[in-house]
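In case you want the letters, here they are:
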Amino acid sequence: VGLRTEGMFISLQEPSLYTVKAILILDNDGDRLFAKYYDDTYPSVKEQKAFEKNIFNKTHRTDSEIALLEGLTVVYKSSIDLYFYVIGSSYENELMLMAVLNCLFDSLSQMLRKNVEKRALLENMEGLFLAVDEIVDGGVILESDPQQVVHRVALRGEDVPLTEQTVSQVLQSAKEQIKWSLLR
């Protein structure tokens, strides 16, 4: 699809719901803590890690929030020892990508009780995976309200099957059930 105007050729992209190409969280050495790619721009892990190193080297010393890199739009934010990235195509709306980034960061901030740093994140990776799945699915933005994301993650966290619960969780649940049966 294109449009000719006095010798210039302007390419028009078809609108698409697939706005997010990847979500990354790197530590302050540029090593991957979390990465979810939604298309085949970087099909192998080797290519993904090379891209992540490149993106980290270009962004970790700057205070800006956006970069164009390898034909992609990258929005990012840092917190203590973490770097959060949301990546879209070069023609993607930066505000949409920033909404995803802010939703992810604010959701994690609430889930980690404002302690958004590497150790706390590593201890709550399950919550991170659930939050990302609530925000973006297959590159399509589903949610941009951190309150809704945190609420849904909490609901999904309660649905843990008995076989995956820790002994202390099972005992706590049993104590609550006994307490409520005695109070009736």
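A quick note: this is a predicted structure, and the numbers were derived from the prediction, not measured.

Asker: I'm lost on the pattern of salt bridges in this one. Help?
Answerer: A side chain with one charge may pair with a side chain of the opposite charge, provided their charged atoms come close. Under the defined criterion, the tally for this structure stands at eight salt bridges. A salt bridge links Lys-118 to Asp-27; the nearest nitrogen and oxygen atoms lie 3.1 Å apart. One end of the pair, Lys-118, is in helix H3 (residues 118-123); the other, Asp-27, is in strand S3 (residues 22-27), with 91 residues separating them in the sequence. Since its relative accessible area comes to 26%, Lys-118 is described here as partly exposed. On the basis of relative accessible area, Asp-27 is assigned to the buried category, the value being 3%.

Asker: What should I look at first to understand the packing of aromatic side chains in this one?
Answerer: Any two aromatic rings considered together are summarised by their centre-to-centre distance and by the angle between their planes. Counting across every chain of the model gives six aromatic pairs. Consider the rings of Tyr-42 and Phe-51, whose centres lie 4.4 Å apart with planes at 20°: the pair is stacked. Each member of the pair, Tyr-42 as well as Phe-51, is classed as buried. Taking 5.2 Å as the distance between ring centres and 90° as the angle between the ring planes, the aromatic pair formed by Phe-56 and Tyr-83 counts as edge-to-face. Here Phe-56, found in helix H1 (residues 45-59), pairs with Tyr-83, found in strand S7 (residues 82-89); they are 27 residues apart in sequence, far enough to count as distant. A single burial state applies to Phe-56 and to Tyr-83, both of which are buried.

Asker: Sorry, what's going on with the side chain of Glu-92 here?
Answerer: Mapped onto the fold, Glu-92 is located in the loop between S7 and helix H2 (94-111). When sequence neighbours within four positions are dropped, the list of residues in contact with Glu-92 reads Tyr-18, Thr-19, Thr-73 and Leu-97.

Asker: It is not clear to me how unusual backbone geometry should be interpreted in this structure. Could you clarify?
Answerer: In most cases, non-glycine residues show a negative phi, while peptide bonds are predominantly trans. Backbone geometry places Glu-70, a non-glycine residue, at a positive phi of 50°. Accessibility expressed as a relative area gives 44% for Glu-70, which makes it partly exposed. Positive phi values are uncommon outside glycine, yet Lys-114 reaches one of about 65°. Along the chain, the position of Lys-114 falls in the loop between H2 and H3.

Asker: Sorry, what's going on with the nonpolar core here?
Answerer: Within soluble globular proteins, side chains that are nonpolar generally end up buried alongside one another. By size, the foremost hydrophobic cluster in this structure holds 33 residues, and its most contacted members are Ile-23, Ile-25, Phe-84, Leu-108, Leu-121 and Leu-128. Residue assignment for this core shows that the elements contributing at least two residues are S3, strand S4 (32-37), S7, H2, H3, helix H4 (125-135) and helix H5 (146-158). The biggest single contributor to this core is H2, with nine residues. If near-sequence neighbours (up to four positions away) are discounted, Leu-128 is found in contact with Ile-25, Phe-34, Leu-104, Leu-108, Met-111 and Leu-121. Residues Ala-22, Leu-72, Val-74 and Ile-87 belong to the second largest nonpolar core, which totals 16 residues.

Criteria and cut-off values
- Here the residue numbering is sequential within each chain, running from 1 through the sequence in written order.
- Totals for whole chains, interfaces and linings use all residues, but because this is a predicted model, local features are given only for residues with pLDDT of at least 70 and pairs of side-chain atoms are given and counted only at 80 or more.
- The basis for the side-chain values is all heavy atoms of the structure; hydrogens and waters are excluded.
- Every case where a carboxyl oxygen of Asp or Glu lies within 4 Å of a side-chain nitrogen of Lys or Arg is listed as a salt bridge.
- Numbering goes from the N terminus for both helices and strands, where a helix is a DSSP run of H or I of at least four residues and a strand is a run of E of at least two.
- Exposed residues in this analysis have more than 50% of their type's maximum accessible area, buried residues have under 20%, and partly exposed residues fall in between, with area computed by a 1.4 Å probe over protein chains only.
- The pairing test for Phe, Tyr and Trp rings, Trp by its six-membered ring, is centres within 6.5 Å, and the orientation test on the planes gives stacked under 30 degrees, edge-to-face over 60, and tilted for anything in between.
- The criterion used for residue contact is that any of the two residues' heavy atoms lie within 4.5 Å.
- In this text, buried Ala, Val, Leu, Ile, Met, Phe, Trp, Tyr and Cys residues form a nonpolar core when linked through side-chain atoms within 4.5 Å.

Keep in mind these values describe shape, not function.
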